[in-house]
Structures are given as structure tokens and as C-alpha cells.
Amino acid sequence: MKSWFKTHIFSSTIILIVAYLILNALLFVQGLRFRFFIHQFIVTICILGIIIGLIQIIKRLKRQRMRIISYIVLAFAIVLFAFPAALPGLMFYLGQKETIAYIDGVKYSVHQVEFLDRFLYYYDYKNFFISGSKLRIEDFYPGCTYGDPIRTVYDQYGHGTVVMGQGG
């Protein structure tokens, strides 16, 4: 079985994607979600698996001319995809972070999104891989400043109340 996964990397990657989507849906139904670094890891593995799997499929082609044409088409497709995906990909890996924070003795999983402004989204911490899916607290730092944020606290129904800063 292990050798099948090694010789069929593209198919193994498709199986991983389907399993990840099913697991993600099951977590969502339970009111949970994967922490962000899990998403980053899975996306990286899937991109590499697809590229390596396609190279593996091309290597199996019998005709040399067809193999060369396939490598050129694959290289062209990777370059064509890389340019439009560069900025969103950069923001996916560098513009977002996740950490743990304690507020009033409660442990939260904090998702930070930063581009022109900084947003901190606080979710219930469940374990190292999983957090709650309901937003509990949101901090907004206009212009990526480090002063006092505009803090919005959400109840269990998703209704937000500004408790700090000059929002609302």
C-alpha cells in the first residue's frame, strides 16, 4: 500500500484533498475549524503533490517527443499560474499569522490578518490543531498602528458590541 502512494503521487494528493475537505466540513458542522497553520501546511503539500505528481506522470510517457512537450506545457502552466497567484499567495503565507492569547483568563486562538490595516480575530482555543469557529473578539488597528485597538466583543448569537476604542 505504501508503495502505491509513492508511485501514484498525483492520485494520493487528490485523495488528501478530498479527505481534508470532508474533515473540514465535519469540523464546521460541529462548530469547529482547523487552525490557520494547518491550512497553510495542507495547501503547501497539495501544491507540491500536484506538481510532483504531474512530473511523475510525464516521466511515465513512452515517447520522448511527447515527454518534452509535456514538460514545456507544465513549465508554462506553472509560470502562468505563479504570476497571478503571487500576491495572494504572499498574503496567504506572510500576511496572516496565528497565535494564542489569554484575555481575562480565557485562552483564545488569535488569527491576525495584516495588509494596510491590522485585524485580530479571537476564536475559542480547543487544542493545538483545532479552534472554535465562532468569532468571539475582534481587534481593529487602523493603519497597522500599535496603539489601542477598536475592540468588538461578540455574544453567542454573533451580535457585536464595541467595548474599547472609537468604533461604532
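Here's a quick rundown of the structure. (Residues numbered from 1 in each chain as written. Predicted model: local features only at pLDDT ≥ 70, side-chain atom pairs only at ≥ 80, totals over all residues. Heavy atoms only, no water.)

Observations regarding the packing of helix α2 (residues 9-29) against helix α3 (residues 36-59)
Relative to each other, α2 and α3 sit at 155 degrees, their axes nearing to 7 Å. The orientation of α2 relative to α3 falls into the category roughly antiparallel. Both α2 and α3 take part in a crossing whose hand is left-handed. Contacts between α2 and α3 involve I9, F10, T13, L16, I17, Y20 and N24 from the first element and H39, I42, I45, C46, G49, I50, I52, G53, L54, Q56 and I57 from the second. Classifying every residue of the contact of α2 with α3 by side-chain character gives 12 nonpolar, 6 polar and no charged. (Axes fitted to C-alpha atoms, helices over the stretch in contact; angles between N-to-C directions. Helix = DSSP H or I, 4+ residues; strand = E, 2+ residues; numbered from the N terminus. Parallel < 35°, antiparallel > 145°, perpendicular 65-115°, else oblique. Left-handed = near helix turned anticlockwise from the far one by under 90°. Contact = heavy atoms within 4.5 Å. Nonpolar A, V, L, I, M, F, W, Y, C, P; charged D, E, K, R; others polar.)

Digging into α3
For α3, spanning 24 residues, the distance from its first C-alpha to its last is 35 Å, which sits close to the expected 34 Å at 1.5 Å a residue. For α3, the complete set of buried residues consists of F36, I38, H39, Q40, I42, C46, G49, G53, Q56 and I58. (Expected span 1.5 Å × (residues − 1). Buried < 20%, exposed > 50% of the residue type's maximum accessible area, 1.4 Å probe, protein only.)

Considerations on a nonpolar patch on the surface
Together, V43, I47, L87, L90, Y93 and L94 line one region of the surface with nonpolar side chains, adding up to about 550 Å² of accessible area. If you list the elements that add at least two residues to the nonpolar patch, you get α3 and α4 (64-94). With 4 residues, α4 is the largest single contributor of residues to the nonpolar patch. Residue position: L90 is located in helix α4. Its relative accessible area of 45% is what places L90 among the partly exposed residues. (Patch = residues over 30% accessible without salt bridge, like charges linked within 9 Å, V, L, I, M, F, W, Y side chains within 5 Å. Areas by Shrake-Rupley, 256 points an atom, 1.4 Å probe, with all protein chains shown as cover. Salt bridge = Lys/Arg side-chain N within 4 Å of Asp/Glu carboxyl O.)

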